[in-house]
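# Remarks on the overall topology
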Amino acid sequence: MTQKSHEVATAEVVASENGRLTIPAHVRRAAGIEPGQRLVVYVEDGRVMIEGQDQLAARIRRDVMACWRGEGSAVDELIAERRAESAAEEAEENR
């Protein structure tokens, strides 16, 4: 059974004997899945999620930036913290 509901491409698929699924062409097109594209498959809240690696990386960046409460760059802050820790360790060793 295939249907379009609220501009969302949907399809009912059946797992083969060895567990393989075929993603129908209209769903692949709607998701922007290209032949040879690397995908990440994971389970979230009991649902199987399929996401392109680039989309996953972009989503993670957005999520991190939405939660970021520091000043400036997270990388710069991390480097500054590591340098401070290193200096403290060096001072401790020199005592």
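In this report, we go over the structure that sits alongside the text. All of these numbers come straight from a predicted model, not from anything done at the bench.

Moving on, we come to the overall build of the protein chain. Scanning the protein chain from terminus to terminus reveals three helices and four strands. What you see in the protein chain, going N to C, is helices and strands ordered as β-β-α-β-β-α-α. For the protein chain, the C-alpha radius of gyration of 23 Å lies well beyond 12 Å, the compact-globule estimate for 95 residues. C-alpha extents for the protein chain along the principal axes are approximately 75 × 30 × 25 Å. Look at the contacts in the protein chain between residues 6 or more apart in sequence, and 4% of them connect residues 24 or more apart. For the protein chain, the exposed surface amounts to about 8400 Å²; the carbon and sulfur share of it is 52%.

Calculation rules
Residues numbered from 1 in each chain as written. Predicted model: local features only at pLDDT ≥ 70, side-chain atom pairs only at ≥ 80, totals over all residues. Heavy atoms only, no water. Helix = DSSP H or I, 4+ residues; strand = E, 2+ residues; numbered from the N terminus. Rg over C-alpha atoms; globule rule 2.2 N^0.38 Å. Contact = heavy atoms within 4.5 Å. Areas by Shrake-Rupley, 256 points an atom, 1.4 Å probe, with all protein chains shown as cover.

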